[in-house]
Amino acid sequence: MRLYVHVLETRNSLTYDFNGRADAYVKLQIGKYIFRTRLVNIILKPIWNEEFVFQVEDLDDELSICVLDKDGFFDGEFTGEARIPVWRVFEADNQTLPPTWFKLHQRSNKSKIKDCGEILLIISLYGRPNNNPSAIHPLPSDFLKLSDSAHSSVEHKLAPTKPSKTGLDDLAEEKPSFQALAGRLVKRFLSKNDNSNAPTTKNMDSLDCSSTISDDARELDEGSSLDSTFEEALSILQSRDQQNELPDNLPGGVLINQAYKVKPNDLNSILFAPNSQFSREFIELQGITDLREGPWKWDNDGETLKRTLQYKKPATKLVKSVRATEEQTYLKASGKSFAIFNSVSVPDVPYGSSFQVELLYKVMRGPELSSGEETSLLVISWHLNFLQSVMLKGIIEGGTRAGLKESYDQFTDFLAKKVKAVDSREVDLDKELVLASVQMDQQSDWKLPVEYFWNFTVVTTIFMGLYFLCHIILAGPSTIQGLEFTGLDLPDSFGELLTAGLLVLQVERVLEMVSHFVQARLRRGSDNGIKAQGDGWLLTVALLEGSNLASVGATGLSDPYVVFTCDGKARTSSIKLQTKDPQWNEIFEFDAMEEPPSMLDVEVFDYDGPFDEATSLGHAEINFLKHNSAELADIWVPLEGKLAQASQSKLHLRIFLDNTKGAEIIKEYLARMEKEVGEKINLRSPHRNSMFQKLFGLPPEEFLINDFSCYLKRKMPLQGRLFLSARIIGFYANLFGHKTKFFFLWEDIEDIQVVPPSLASVGSPSLMITLHKGRGLDARHGAKTQDEEGRLKFHFQSFVSFNVASRTIMALWRTRNLTPEMKAQIADDQHCPDGKITPTEECGSFLGVEDANMSKAYSASLPVSAIWTER
């Protein structure tokens, strides 16, 4: 529940000095949360007109109002106190106490002043009490029925008083009218009407819980004309040429990539429309104050739509409260897709004038649902733009990344309460229907050669050949002269020699083209349409087209083909001749795999004959763990490499990863791991698997195998949990609200070493995991060191059961990295001639004394003769 306390004024509550003046302020307290008004110096009666918000958990709490008289630099002298129980507000009509004079009392009877005066307050309460979950308190409906004069007072609201530099209050001395105060309450209750039954949870560890939207922001937001202007402006943008594609994501990374059950136009209005209820509530949730929301205006001679926001960000554990300026600019608005570029500057933070935080919001059509409901996809990416060189660039980037990640995690959770998010299982991904739409190239056998050979070289060669042939037919026999003899006719001039040489070169070039065409056609669709074999994890890739592929020849065109590699198996596409925007429409299937694949390697080559080395035009890696099934079903993959990045090359793919065995394949995988580890591995509950997937943002097919409590060794040890799944190893820690989270693939690991116990490891062995060069860069903030070759090293120590943990980690890593031939060789080496398994250093029992379980107890009794003697 939230308790709103509006402090208006006091009367007959202060003593005056010889000049007839008094310095007064009011202190408000509920439990451990304390707030105070500003200091005022008023001749007759002080007027504050300030509002505060408390989070109330119990109706038995009591609001304490103390009026104090400031005396120089010392604390205020107690003047009077009023105590109002929260239950009194709860039992009032509509949980609101209208403007009421509360008597002030002394804390003891020793005071010489009998009359302590009164204080004028307005108190309202709404929300759901913890001790009565079934009681839901609506907003005060009486305020919704006020007269027109009360509503008109919203347009002429009472401005809050502001202390001047000298501490004097120069505002009018007149008492604020009840209609003006009621009008302000009407406006506040109307703005929160939609969320009255779902109060926002705040972080009560911070004392800044009284922050609300400033009155200046209310002035900018008043009126409904901005809404219609905003819609008209979007219509103007939509009417213009919007054929350009959405801009690419910013290089800093993607903060949000989530689909919602709402139309793109509606989601855009929720996020960026003036007077947006969602924006107001989220600002209040984050503790942002002094919001100044400017209107949407045309900029750059009416070419762009822009607005400016100014606000004060709340203080954190490391940075004080600072002001920020945000500029929002529409880059695209076509009704079905929107792109909004945000530039945020925070000059008050250290080095704040040297960088800007850039955000790109993209709202587009989302995946199709089986119910036919329209969805939208929200993608938010970021980039840190340094305006000048800074020595602490890495520290600034790391802090900005962590702050944005935490803020937009909160944004995602809050948006999901307003708009229902799309579950990946709800997406209608009819694989057969989608693949059926991938039509094979129906180009005829004669049309393709005509397109390939219809060029200047072939045409001029044919023309010259026909011309020479006609000349030979028409010309008569020449006389033998010079060094000629019967059967040998040599050129009689340098012109004939040059013409003959040119014809020979042209014919040679045409023959090379014919040979190149025939060889390329023989390789046409070598792996296209081949069905996969076996049961397990089945990977299907549909190669649709390419865009802006690079060229290494003088013609500006290339002969591209694509090679897909997954789990050591490769599939090759056909060769498209002389094009930079090839159309393939080919489907490739990989044989079923026992373990879910992690990566798909894609590389594009330029075909230059069967004996020449092909030139790479670009490559890419598709991480299945960073994309859900809906994204993989229709994805444009940008290619990397010098040639590809210069040309902005990309491929259009449709990828499907299916499990044909269902839950049985998971049980079989765990059974194999049990043999490797030597421990029973239980299948985790669906709820725990779901929490694990949500924690690291993993797809639904990823399942948790085990997790261990340990320390991450960096400059200071960090207590957390190490999570192990079939494809990743991840670490998560939450130390006083500071979260550390990262993961990397098993394939990224180059070596795992057991470090003997030492004083630094508190007498326990530790694991040192070394990654391949250039791998696991997203997890570099968790690495202890980075060697001279650029390899990241991670140290984990203080496991509860080191033997079980290390055994499990080694088994999972070995399973993911060894080829089937190597696994079979190891299995053969472990068997003795008599059929028994020979324990080796790698596969022997890893159980220590602390892990040994005594399954049986044996006892024996032996007869012993005893001789008793008496003394």
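Reading the values: the criteria
- Residues numbered from 1 in each chain as written.
- Predicted model: local features only at pLDDT ≥ 70, side-chain atom pairs only at ≥ 80, totals over all residues.
- Heavy atoms only, no water.
- Pairing = 2+ DSSP bridges.
- Helix = DSSP H or I, 4+ residues; strand = E, 2+ residues; numbered from the N terminus.
- Axes fitted to C-alpha atoms, helices over the stretch in contact; angles between N-to-C directions.
- Salt bridge = Lys/Arg side-chain N within 4 Å of Asp/Glu carboxyl O.
- Buried < 20%, exposed > 50% of the residue type's maximum accessible area, 1.4 Å probe, protein only.
- Patch = residues over 30% accessible without salt bridge, like charges linked within 9 Å, V, L, I, M, F, W, Y side chains within 5 Å.
- Areas by Shrake-Rupley, 256 points an atom, 1.4 Å probe, with all protein chains shown as cover.
- Core = buried A, V, L, I, M, F, W, Y, C linked by side-chain atoms within 4.5 Å.
- Contact = heavy atoms within 4.5 Å.
- Parallel < 35°, antiparallel > 145°, perpendicular 65-115°, else oblique.
- Left-handed = near helix turned anticlockwise from the far one by under 90°.
- Nonpolar A, V, L, I, M, F, W, Y, C, P; charged D, E, K, R; others polar.
- Expected span 1.5 Å × (residues − 1).
- Arc of directions from axis to C-beta.

A few words now on the sheet that holds strand β8 (residues 96-103). Spatial strand order, β5-β1-β9-β8: 4 strands in an open sheet with antiparallel pairing. Whereas interior strands pair on both sides, the edge strands pair on one side only; in this sheet they are β5 (47-55) and β8. Mean inter-strand twist for the sheet, computed between neighbouring axes without regard to direction, equals 20°. With 7 bridges connecting them, strand β1 (residues 2-11) and β5 associate as antiparallel partners. Across the sheet, the residue bridging to valine 5 is phenylalanine 52, located in β5.

Turning our attention to the pattern of salt bridges. Taken as a whole and assessed by the stated rule, the structure comprises 27 salt bridges. We note a salt bridge from arginine 775 to glutamate 621, for which the minimum N-O separation is 3.0 Å. Of this pair, arginine 775 sits in the loop between β31 (766-771) and β32 (785-786) while glutamate 621 sits in strand β23 (residues 615-623), and the two are 154 residues apart along the sequence. Given a relative accessible area of 30%, arginine 775 falls into the partly exposed group. Residue class for glutamate 621 comes out partly exposed when judged on its relative accessible area of 41%. Across the pair aspartate 707 and arginine 721 runs a salt bridge, and its minimum N-O distance is 2.7 Å. Of the two residues, aspartate 707 sits in strand β26 (residues 704-712) while arginine 721 sits in strand β27 (residues 718-725), which places them 14 residues apart along the sequence. The exposure class assigned to aspartate 707 is buried, which follows from its relative accessible area of 8%.

Read from one edge to the other, the open sheet built from 4 strands follows the order β20-β19-β22-β23, with strand pairing classed as antiparallel. Whereas interior strands pair on both sides, the edge strands pair on one side only; in this sheet they are β20 (569-572) and β23. On average, adjacent strands in this sheet sit at an angle of 20° to one another, irrespective of strand direction. Note: strand β19 (residues 560-566) against β20, 4 bridges, orientation antiparallel. Bridging across to β20, cysteine 566 finds its partner in lysine 569.

A cluster of nonpolar side chains, Ile462, Leu466, Leu469, Ile473 and Leu474, forms an exposed patch at the surface whose accessible area comes to about 560 Å². Its location among the elements puts leucine 469 in helix α11 (residues 456-474).

Here the focus is the nonpolar core. The biggest cluster of nonpolar side chains holds 67 residues, and the ones touching the most others in it are Phe564, Leu600, Leu653 and Phe796. Top contributing element to this core by residue count: helix α17 (residues 802-817), with 7 residues. The residues touching leucine 600, leaving out its near neighbours within four places in the chain, are Leu539, Val541, Phe564, Thr565, Cys566, Phe590, Ala620, Glu621, Ile622, Phe624 and Ile655. Core analysis: the second largest hydrophobic core is formed by 49 residues, Ala233, Phe355, Val363 and Val419 among them.

A few words on the packing of helix α7 (residues 277-286) against helix α8 (residues 393-418). Two elements in contact, α7 and α8, have axes separated by 11 Å at closest approach and are oriented at 135°. One way to sum up the angle between α7 and α8 is to call them oblique. Considering how the two elements wind past one another, α7 and α8 form a crossing that is right-handed. Residues Phe278, Glu281, Phe282, Leu285 and Gln286 of α7 form the contact with α8, whose participating residues are Ser407, Gln410, Phe411, Phe414, Leu415 and Lys418. Taken together, the residues that form the contact of α7 with α8 break down as 6 nonpolar, 3 polar and 2 charged.

Most of strand β33 (residues 792-797) is tucked away: 6 of the 6 residues are buried. The side-chain alternation of β33 yields two buried faces, one formed by Leu792, Phe794 and Phe796 and the other by Lys793, His795 and Gln797. Looking at chain direction, β26 and β33 are connected through 2 bridges and run antiparallel. Across the sheet, the residue bridging to tyrosine 711 is glutamine 797, located in β33. The pairing of β31 with β33 spans 5 bridges and is antiparallel. For serine 766, the partnering residue across the bridge sits in β33 and is glutamine 797. As defined by bridge partners, β32 adjoins β33 across 2 bridges and the pair is classed as antiparallel. Counted as the bridge partner of glutamine 786 is leucine 792 from β33. Counting the residues in the hairpin turn of β32 and β33 gives 5 residues, including glycine 790, whose phi is positive at 85°.

The next point concerns helix α15 (residues 663-677). When the terminal C-alpha atoms of α15 are compared, their 21 Å separation across 15 residues agrees well with the 21 Å that a helix rising 1.5 Å per residue should span. Elements in contact with the buried residues of α15: β18 (537-547), β21 (583-593), β25 (650-659), β26 and α17. One or two steps after α15, the chain reaches glycine 678, where phi turns positive at roughly 85°.

What follows is about helix α16 (residues 686-696). Looking only at α16, the buried set comprises Asn689, Phe692, Gln693 and Phe696. Projected down its long axis, α16 carries its buried residues within an arc of 95°, all on one side. For α16, the exposed residues lying more than 90 degrees away from the buried face are His687 and Lys694. Lining the buried residues of α16 we find β26, β27, β28 (728-735) and β29 (738-745). Immediately beyond the C-terminal end of α16, within one or two residues, lies glycine 697, with a positive phi of roughly 65°.

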